[in-house]
Every structure is written in C-alpha cells, then in structure tokens.
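Spelled out, the chains give:
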Amino acid sequence: MNIIVIGPPGAGKGTQAKILEAEYGLKQLSTGDMLRAEIAAGSDLGKKAKALMDAGELVPDDVVIGMIANRIAQPDCAKGVIFDGFPRTVEQAKALDKMLGEKGKPIKVVIEFAVNEEELVNRLRTRIQQTIDAGQQVRGDDNEETLRNRLKVFREQTAPIIPYYKGTGLLKTVDGMLPIDHVTQAIKALLK
Ligand code: AP5
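Residues numbered from 1 in each chain as written. Predicted model: local features only at pLDDT ≥ 70, side-chain atom pairs only at ≥ 80, totals over all residues. Heavy atoms only, no water.

Q: Explain the packing of aromatic side chains to me, please; I cannot follow it from the model alone.
A: Centre distance and the angle of the planes are the two values used to describe a pair of aromatic rings. Summed over the entire model, instances satisfying the criterion amount to 2 aromatic pairs. On the numbers, 6.4 Å between centres and 45 degrees between planes, the contact of Phe 83 with Phe 86 is tilted. Across this residue pair, the class does not change: Phe 83 and Phe 86 are buried. (Phe/Tyr/Trp six-rings, centres within 6.5 Å; stacked < 30°, edge-to-face > 60°. Buried < 20%, exposed > 50% of the residue type's maximum accessible area, 1.4 Å probe, protein only.)

Q: Can you walk me through the site of the ligand in this structure?
A: As a structural note, the neighbourhood of the ligand is formed by 31 residues, with Thr 15, Glu 57, Arg 88, Arg 127 and Arg 150 the closest of them. Here Lys 13 contributes a side-chain N or O atom positioned 2.9 Å from an oxygen atom of the ligand. Between an oxygen atom of the ligand and a side-chain N or O atom of Arg 150, the distance comes to 2.7 Å. In isolation the ligand has 1,000 Å² of accessible area, and contact with the protein removes 88% of it. Where the shell around the ligand is concerned, the elements lending two or more residues are helix H1 (13-24), helix H2 (31-41), helix H6 (117-133) and helix H9 (180-191). Residue composition of the shell around the ligand, grouped by class: 13 nonpolar, 9 polar and 9 charged. In this structure, the shell around the ligand is formed jointly by two domains, domain 1 (2-26 + 80-191) and domain 2 (31-78), each of which donates at least three residues. (Near = heavy atom within 4 Å. Polar contact = N/O pair within 3.5 Å; in protein donor to acceptor, adjacent residues only side chain to side chain. Areas by Shrake-Rupley, 256 points an atom, 1.4 Å probe, with all protein chains shown as cover. Helix = DSSP H or I, 4+ residues; strand = E, 2+ residues; numbered from the N terminus. Nonpolar A, V, L, I, M, F, W, Y, C, P; charged D, E, K, R; others polar. Domains from an automatic or database assignment.)

Set out below in structure tokens:
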C-alpha cells in the first residue's frame with residue numbers, strides 16, 4: 001500500500017507518517033529527512049541542497065526524483081511507502097506515477113492536511129522552543145522568515161498537485177487542525 005501525505009510546512013505530515021509507519025508496517029520516506037542526512041554527511045548533493053533549503057526553496061525536481069527512485073527500490077519499501085513531503089511539484093507527481101506504475105504498485109490514497117497558516121506559525125514556534133529546550137540544533141529552515149517563504153512556495157509550487165490528484169480520484173482531505181490522535185483516527189478511517 002502506497003500513501004502520499006500532502007500539506008504545508010508544519011501541517012503534521014511527519015507526525016502522522018511515523019504513526020502510520022508503525023501501525024501498518026509501511027516505510028516512511030521523507031525527502032526532507034533524506035536531504036538533511038545528505039547535508040549532515042557533507043555530500044556534494046547536501047552542499048547544493050543546503051542553501052536552497054535554508055532559504056525555504058525547493059531542491060530541483062531531478063535531484064529528489066532520483067533520490068526517491070533509488071530509495072523505493074530497497075527491500076524495506078516492498079510492503080509499501082508513506083511518501084512524506086514528496087511529490088512537491090506536478091512534475092514530481094507525474095514521475096512518481098510512472099515509477100509506481102512500472103512496479104504495478106500504484107498510490108492507494110493521497111491525504112491532504114487542511115490547515116490554518118497562522119496556526120502553523122504557532123506550531124513552529126513551539127517546535128523551535130522544544131528543540132532548544134532539548135539542547136538540540138534547530139533546523140536551518142525553522143525560523144519565522146523562512147517559514148513564510150516555505151508557505152509561499154507551498155501555495156505556488158506544491159498546491160497544484162492537489163487538483164492533479166483530485167483528477168485521479170485519489171485525493172482525500174483530513175482536518176489537520178484537530179488534535180494529533182484525532183487526525184490519526186480520521187486517516188485510519190480513510191484507509192479502511
Ligand atoms: P520537509 O522536511 O519536508 O519539511 P516541511 O514540508 O516544510 O514540513 P515539516 O517537517 O516542517 O512539517 P510536517 O508537516 O512534517 O509537520 P510535523 O509533523 O513535523 O522539507 C524541508 C525542505 O526540504 C523543503 O523546504 C525543501 O527545501 C526540501 N525538500 C523536501 N522535499 C522536497 C521535494 N520533494 N522537492 C523539493 N525540495 C524538497 O509537525 C510540526 C509540529 O507541529 C511538530 O512540533 C508537531 O509535534 C506539531 N504537530 C503536528 N501535528 C499536530 C496537531 N495535529 N496538533 C498540534 N500540533 C501538531
């Protein structure tokens with residue numbers, strides 16, 4: 001079973017994808033986490049991605065499509081994948097359709113998180129404070145100015161994948177403003 005979760009930064013994609021991963025035995029693939037791992041490793045790809053990510057801009061399509069193509073070929077993805085933060089453009093969506101179509105394992109459902117942008121700014125403030133309190137390093141793109149750009153980039157470049165998936169009949173929407181466990185229940189109801 002392959003699932004896509006779509007929503008602006010802070011919508012709760014990662015939170016829910018991790019819960020679903022444990023519950024359904026699927027593999028969560030977050031392109032954001034994969035890119036941050038490249039940065040931490042100091043790879044050429046990571047060096048190129050860092051400036052874009054710190055500015056809240058998207059990494060080029062060919063880079064993330066290549067990363068996902070390699071990753072879904074691994075054995076731990078055989079039972080299915082929760083795509084978290086990918087696709088982020090219509091071009092990425094079309095490439096994913098092609099890859100999964102070739103494997104005969106298409107997307108089962110695309111879950112859109114409907115959220116209020118101002119509330120996302122509050123969530124981010126909480127996440128930054130919790131990270132600082134835990135003595136950990138705050139993400140390079142977790143500051144209010146960059147978040148505003150990430151939200152703009154979502155509206156302009158990622159939101160067009162919503163009508164794309166609506167057209168395929170796969171799109172379902174959940175209220176991402178509900179408490180975490182309520183959002184999980186709403187998603188589970190969709191997966192029944
Ligand atoms: P990425 O890492 O994907 O970040 P993002 O989409 O901006 O999302 P976040 O991780 O900030 O939020 P989330 O929706 O996962 O929310 P979370 O569960 O953490 O991407 C980072 C960058 O990488 C991009 O800007 C781009 O540069 C690059 N990139 C990545 N993928 C790419 C791609 N495909 N193409 C090109 N470039 C790409 O929750 C947020 C907070 O809210 C947490 O503190 C959580 O505890 C809390 N929370 C969650 N749910 C709730 C709830 N229901 N109620 C209250 N609090 C909640």
